[in-house]
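Structure assessment
If you want the building blocks of each chain, they are given just below.
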Amino acid sequence: MSDLNRGIMKFEGADSPKVVTISTVVVLGSIALLILWALQSAYALS
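Think of each chain on its own: its residues are numbered from 1, step by step along the sequence as written. The model is predicted, so local features are restricted to residues of pLDDT at least 70 and side-chain atom pairs to those at 80 or more, both for listing and for counting; the totals for chains, interfaces and linings are taken over all residues. Excluded from the side-chain calculations are hydrogens and water; all other atoms, namely the structure's heavy atoms, are used.

Identification of the protein chain as RNA polymerase subunit sigma from Okeanomitos corallinicola TIOX110 is taken from an unreviewed UniProt entry.

This brings us to a nonpolar patch on the surface. In this scheme, patches are assembled from residues that exceed 30% relative accessible area and form no salt bridge. Like charges are connected within 9 Å, while nonpolar side chains (Val, Leu, Ile, Met, Phe, Trp, Tyr) are connected within 5 Å. Note on areas: these come from Shrake-Rupley sampling with a 1.4 Å probe, and a residue is covered only by the protein chains present in the view. By definition here, a salt bridge exists when the distance from a side-chain nitrogen of Lys or Arg to a carboxyl oxygen of Asp or Glu is within 4 Å. Together, Val27, Leu28, Ile31, Ile35, Leu39 and Tyr43 make up an exposed nonpolar region whose accessible area comes to about 600 Å². Secondary-structure assignment places isoleucine 35 in helix 1 (residues 17-43). Given the relative accessible area of 47%, isoleucine 35 is considered partly exposed. Secondary structure is summarised from DSSP: a helix means a run of H or I of at least four residues, a strand means a run of E of at least two, and numbering begins at the N terminus for each. For every residue, the accessible area (1.4 Å probe, protein chains only) is compared with the maximum for its type, and the residue is labelled buried under 20%, exposed over 50%, or partly exposed between those bounds.

Here the UniProt feature "transmembrane region" (unreviewed entry) sits at residues 20-39. As a span, residues 20-39 carries 100% helix and 0% strand, and end to end its C-alpha atoms are 29 Å apart. UniProt positions are given in the numbering used here, feature names are shortened, and annotations may be inferred rather than shown by experiment.

This next bit is on helix 1. In a regular helix each residue adds 1.5 Å, so 27 residues correspond to 39 Å; helix 1 covers 38 Å between its end C-alpha atoms and thus fits that length. Immediately beyond the C-terminal end of helix 1, within one or two residues, lies alanine 44, with a positive phi of roughly 50°. Multiplying one less than the number of residues by 1.5 Å gives the expected span of a helix.

Have a look at this one:
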């Protein structure tokens, strides 16, 4: 069992490259959307 398969990630394959890639895209995409929303709200872009 790898270290990434412990804690809240207690399912098999939690550390597979596919799951890590999808999680990374979701997290970074969410951060990017929040930054864009904040800039748009603060500076009334477009």
